[in-house]
2 protein chains.
Amino acid sequence: MKIKEKVEPKPTRYLGERIQEANKLAVERIFSVEPTLIDVGTALKVIPGMTSNTILHAGPPIEWEMMCDPMKRAVCGALIFEGLAGNEKEAEKLLKTNKVKVSPNHHHDAVGPMTGIISPSMPVIVTKDSTFGKTAYSTFNEGGGKVLWFGAFGKETLDRLLWIKDVLGPTMKKVVAKTGGISIWNILAQGIQMGDECHNRHTASTNLLLKSIIEPLLSLDLSNDVILQVYRFIAGNSHFFLNITMTACKLAMDAAHNVEDSTLVTAMSRNGTDFGIRVSGLGNNWFISSSPYLLDALYNPGYGPDDGAPDIGDSSIIETMGLGGFAIASAPAMASFAGGGFQEALNITKQMGLITLAKNPKFAVPVLNFEGTPTGIDIRKVVETGILPSINSAVIHKSSGAGQIGAGIVKAPKECFTKALIAYGERYDLAA
Amino acid sequence: MKIKEKVEPKPTRYLGERIQEANKLAVERIFSVEPTLIDVGTALKVIPGMTSNTILHAGPPIEWEMMCDPMKRAVCGALIFEGLAGNEKEAEKLLKTNKVKVSPNHHHDAVGPMTGIISPSMPVIVTKDSTFGKTAYSTFNEGGGKVLWFGAFGKETLDRLLWIKDVLGPTMKKVVAKTGGISIWNILAQGIQMGDECHNRHTASTNLLLKSIIEPLLSLDLSNDVILQVYRFIAGNSHFFLNITMTACKLAMDAAHNVEDSTLVTAMSRNGTDFGIRVSGLGNNWFISSSPYLLDALYNPGYGPDDGAPDIGDSSIIETMGLGGFAIASAPAMASFAGGGFQEALNITKQMGLITLAKNPKFAVPVLNFEGTPTGIDIRKVVETGILPSINSAVIHKSSGAGQIGAGIVKAPKECFTKALIAYGERYDLAA
């Protein structure tokens, strides 16, 4: 009896219970969020803290000078789109003057995939959580080719951004209003049954979105030409739903943030230089490491790991919420990007079960007998097991402006979790 | 040496080789078929042997008197729709006079799900195989409710059939022409990746069809009202693609039919009374047994196995072609109708591999590491192993006209295969 008392000193045991309760609450908050796509707005008007000279970017905070080449290109492209600079040289000059502010999406209730650039006049998706009342924002996904989100820029980029602003945004605003709001979990839950892992594969979810919006699109007083343009743009981009998914996951994880004592990871994000995580019980601090390169990836012909920028984007909010890499068993084709097959996909999802706190009943994985997706990363479990969160990602060229050059799987760096655990120890005075 | 010669007498060995070659050829013919939805026509005008007083039905041949109640109801409904009878009593009277001919779809290059009724003025899907040049036909799927294919009939049935004839058929004829033809394997191959087994679940395939037809639908000179009606009808029925799949499978199996020596099953079909199969090397004979009841099924509240008619429909042409029940590993939710989970679904697909001749490279099953679906049932393997073809099916009420009351899994009766094997022995003089 005496020995037992010694190995379980009361204060520690007390904290253990507190952590368990806190994490339970945090997970409950994730599961109770009900995100609905309710509107389309202009970034400047709707995003908190947005100003006419702010450019939002993916990942933890970073100075202009420290940004990787594709992020820099995308920021310059956005400044040209905004009319704040005439060309890339002017844009770079402007960025050195401090007349332009760069700020992380995550600090403005926003998220963006890859470079994640949001500039003031871009139309943005407005997603609202009806449970806690919070709102999250993202751009419309630009699709493939020379696009800002892949750190590429050219005349076609500008033309597309203008079309998104002048045609897609206003049309989708009317369409979304007509639908009365689109439940995002509903579409993702079906997507998981239909081969999407809801990060790199959104084929089914995008089709389901199309199904939700065709009737409103047809019943609005729009020209056939506009209807066809909007339809073709969405139908031609299987990633269209990605940005929408991200807003929903952002809301779920923000709902679980700032729960005292909780060791739950509420954000993983990368700016192409740094990889950062936030933890529910540790406030708004980012725990940072160098962003990893994608070694387990399928590269376009002529490209390899040496050509890629480090991992980039806010899209890992999807894995933070238990989809994407955590749900890869539902989309084994995604494992093949990293040279694996079905068994590898199944193994990854099962492994993610070892570092998470719960199974999300909303997202039943058919090949796991409809068990929910592993959700809620616990920094303690990551450090204890050494199993790192698995993220499905894309690779963009590090310097040429070629845009996407591959796709694959990357593991979150352990250092972020170790740093967070140390900070947790200090914050909650674990020594005592 | 002498003993060896005795146990392998030359004539038998010779036949074994011939069977192997014949089956190889038959399978090659299945795999080389390229079915394209190319047109919509009127049954009377396009279906071979159709006359103004013919009603086509599912399954092997059957007399009016021997039909089950739901099949009878559907035949009567079709006669009323055709204006050949004013009500069900008149229709029944007419059927006893021999002024109306009932004939199996399979004898007219056609197929239909459940009761499978096709009457002269119905619009039909026209699917052509560009490899061998043959054509197959089916109706448009009516969806749920009081519908002929489920052996139900009422005013709403007539209204719907008239709308299909006057609006859906003519519109889809224009739409299909505008597309230049829709590749059916292409859609099914994607469907298999997206949780369809392509018989009881066509959710993804129907969405993919919608994706193929929205642009033509919008670019034709149609009223918005018609566009919306057609869109809603298709989007509101996840079985819409079923009949299209069936025409493609019919073409594939007809291409493999009449290969001398082959033991490959080229049709399995049920009329609600009998279950019949045809075999490639045995001409146009049907090998018949009583149609089984669906014991492994999920029934609507208030209904059970005692309420269902025996298994019915030409749709088992899908299993004959290696999809549906044979591809159930891609749609484990379908196994849950029969009380099973993912493992059961996987087991069924693996078992079907033991009675089939090949794996179809067009239809890669993700959870089997993208191995093809088991295709080409060999009557010898069924009889030898005792493993019976597994068919995903629906149940309709045996007498009340209530329509569908459940869905589940049924096994083809062994008797059909035994009879076929005996006939094969006689036909090819296996005694020698």
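Because the structure is predicted, anything quoted here is derived from the model rather than measured.

### A closer look at the overall build of chain A
1) Next: The number of helices and strands found in chain A is 15 helices and 15 strands.
2) Next: Rg of the C-alpha trace for chain A: 21 Å, near the compact-globule value of 22 Å for 432 residues, within the 12% margin.
3) Next: Overall size of chain A, expressed as C-alpha extent along the three principal axes, is 80 × 50 × 45 Å.
4) Next: A total of 432 residues make up chain A; the buried ones form 55% of that total.
5) Next: Relative to all contacts within chain A whose residues are 6 or more apart in sequence, the contacts with residues 24 or more apart total 72%.

### Here's the deal with the pairing of strand 12 (residues 356–365) of chain A
All names here are of chain A.
1) Next: As paired elements, strand 12 and strand 13 (residues 371–377) share six bridges and run antiparallel to each other. Pairing of N360 across the sheet is with T373, part of strand 13.
2) Next: Hairpin connection between strand 12 and strand 13: a loop of five residues separates the two successive antiparallel strands, and N369 in this loop has a positive phi of roughly 55°.

### Looking at the sheet that holds strand 5 (residues 135–139) of chain A
Residues and elements named next belong to chain A.
1) Next: Ordered in space as 5-4-1-6, the four strands form an open sheet in which the pairing is antiparallel. One side of each edge strand has no neighbouring strand; the edge strands of this open sheet are strand 5 and strand 6 (182–183).
2) Next: Sheet topology note: the strand 1 (residues 35–42)/strand 6 ladder contains two bridges and is antiparallel. In the sheet register, T36 faces strand 6, and the bridge partner there is S183.

### What about the interface of chain B and chain A?
1) Next: Contacts between chain B and chain A engage 24 residues on the former and 24 residues on the latter.
2) Next: For the side of chain B that touches chain A, the element with the highest residue contribution is helix 8 (residues 203–219) of chain B, accounting for eight residues.
3) Next: Residue composition of the side of chain B that touches chain A, by class: 14 nonpolar, seven polar and three charged.

### Focus: helix 13 (residues 342–352) of chain B
All names here are of chain B.
1) Next: For helix 13, the full list of buried residues reads F342, A345, I348, T349 and M352. The buried side chains of helix 13 occupy one side of the element, clustering within an arc of 125° when seen end-on.
2) Next: Each element contacted by the buried residues of helix 13 is listed here: helix 12 (333–336), strand 12 (356–365), strand 13 (371–377) and strand 14 (390–396).

### Brief notes about the packing of helix 4 (residues 69–81) of chain B against helix 5 (residues 88–96) of chain B
Residue and element names in this part refer to chain B.
1) Next: Viewed as axis vectors pointing N to C, helix 4 and helix 5 meet at an angle of 105°, and their least axial separation amounts to 9 Å. Between helix 4 and helix 5, the crossing angle belongs to the class labelled roughly perpendicular. In contact with V75, C76, L79 and I80 of helix 4, helix 5 contributes E88, A91, E92, L94 and L95.
2) Next: For the contact of helix 4 with helix 5, the per-class residue count stands at seven nonpolar, no polar and two charged.

### A short note on the relation of the copies chain B and chain A
1) Next: Relative to chain A, chain B is turned by 180° and slid 0.0 Å along the rotation axis, the superposed coordinates differing by an RMSD of 0.0 Å. Between the two chains, the operation in question is that of a two-fold axis. If distances are taken from each C-alpha of chain B to the rotation axis, the shortest is found for M194 of chain B, at 2.0 Å.
2) Next: The residues that chain B uses at the interface reappear at the interface of chain A in 100% of cases, marking a shared surface.

### Things to note about the environment of V147 of chain A
Residues and elements named next belong to chain A.
1) Next: Note that V147 resides in the loop between strand 5 and helix 6 (155–179).
2) Next: Since 24 C-beta atoms lie within 10 Å of it, V147 is described here as buried.
3) Next: Note: C-alpha distance between V147 and Q404 (257 residues apart in sequence) is 9.2 Å.
4) Next: Residues within four places of V147 in sequence aside, it is in contact with E142, A152, T157 and G403.

### Comments concerning the sheet that holds strand 8 (residues 274–279) of chain B
Residue and element names in this part refer to chain B.
1) Next: In space, the four strands of this open sheet follow the order 9-8-7-11, with antiparallel pairing throughout. Only two strands of the sheet have a single partner each, and these edge strands are strand 9 (287–290) and strand 11 (312–313).
2) Next: Sheet analysis places strand 7 (residues 265–271) next to strand 8, joined by five bridges and oriented antiparallel. Bridge assignment links S269 to a residue of strand 8, and that residue is G276.

### What about helix 7 (residues 184–193) of chain A?
1) Next: All of the buried residues along helix 7 of chain A are I184, I187, L188, G191, I192 and Q193 of chain A.
2) Next: Positive backbone phi, approximately 85°, marks G195 of chain A, located one or two places after helix 7 of chain A.

### Some details on the environment of N392 of chain B
Residues and elements named next belong to chain B.
1) Next: Among the secondary structure elements, N392 is positioned in strand 14.
2) Next: Judged by local crowding, N392 falls into the buried class, with 29 C-beta atoms found within 10 Å.
3) Next: With 19 residues separating them in the primary sequence, N392 and K411 have C-alpha atoms 8.8 Å apart.
4) Next: With residues up to four places along the chain from it excluded, the contact list for N392 reads E197, H199, N200, G324, G325, I328, M334 and I409.

### Overview of the confidence of the model for chain A
All names here are of chain A.
1) Next: With 97% of its residues at a pLDDT of at least 70, chain A reaches an overall mean of 95.
2) Next: Note on residues 1–5: pLDDT under 50 across the span, and zero contacts to partners over four residues away in sequence or across chains.
3) Next: The ipTM, which scores confidence in the relative placement of chains, is 0.89 for this predicted complex, and the corresponding pTM is 0.93.

### Some details on the environment of S262 of chain A
Residues and elements named next belong to chain A.
1) Next: Note on placement: S262 falls in the loop between helix 10 (242–255) and strand 7 (265–271).
2) Next: Looking at S262, the number of C-beta atoms within 10 Å reads 30, which means it is buried.
3) Next: When the C-alpha atoms of S262 and L295 are compared, they prove to be 32 Å apart, with 33 residues separating the residues in sequence.
4) Next: In contact with S262, other than residues within four places in its own chain, are A22, N23, A26, S280 and G281.

### Quick look at the packing of helix 7 (residues 184–193) of chain B against helix 8 of chain B
Residue and element names in this part refer to chain B.
1) Next: Contact pair helix 7 / helix 8: the axes reach a minimum separation of 8 Å and the direction vectors enclose 135°. When the interaxial angle is binned, helix 7 and helix 8 end up oblique. Relative to helix 8, helix 7 is oriented so that their crossing is right-handed. The residues of helix 8 that touch helix 7, namely those facing I187, L188, Q190 and G191, are A204, S205, L208 and L209.
2) Next: A breakdown of the residues in the contact of helix 7 with helix 8 according to their chemical character gives five nonpolar, three polar and no charged.

### Some points on unusual backbone geometry
1) Next: Here D109 of chain A, not a glycine, exhibits a phi torsion of approximately 55°, which is positive.
2) Next: Tracing the chain through its elements places D109 of chain A in the loop between strand 3 (101–104) and strand 4 (123–129).
3) Next: With 19 C-beta atoms packed within 10 Å, D109 of chain A lands in the partly exposed category.
4) Next: Of note, the phi angle at F370 of chain B is positive, near 65°, even though the residue is not glycine.
5) Next: Here F370 of chain B is to be found in the loop between strand 12 and strand 13.
6) Next: By C-beta crowding, F370 of chain B is classed as partly exposed, having 17 other C-beta atoms within 10 Å.

Cut-offs used in this document
Residues numbered from 1 in each chain as written. Chains lettered and ligands numbered in written order. Predicted model: local features only at pLDDT ≥ 70, side-chain atom pairs only at ≥ 80, totals over all residues. Helix = DSSP H or I, 4+ residues; strand = E, 2+ residues; numbered from the N terminus. Rg over C-alpha atoms; globule rule 2.2 N^0.38 Å. Buried ≥ 20, exposed ≤ 12 C-beta atoms within 10 Å, placed from the backbone. Contact = placed C-beta atoms within 7 Å. Pairing = 2+ DSSP bridges. Nonpolar A, V, L, I, M, F, W, Y, C, P; charged D, E, K, R; others polar. Arc of directions from axis to C-beta. Axes fitted to C-alpha atoms, helices over the stretch in contact; angles between N-to-C directions. Parallel < 35°, antiparallel > 145°, perpendicular 65-115°, else oblique. Least-squares fit on C-alpha atoms with pLDDT ≥ 70 in both. pLDDT = per-residue confidence, 0-100. Left-handed = near helix turned anticlockwise from the far one by under 90°.

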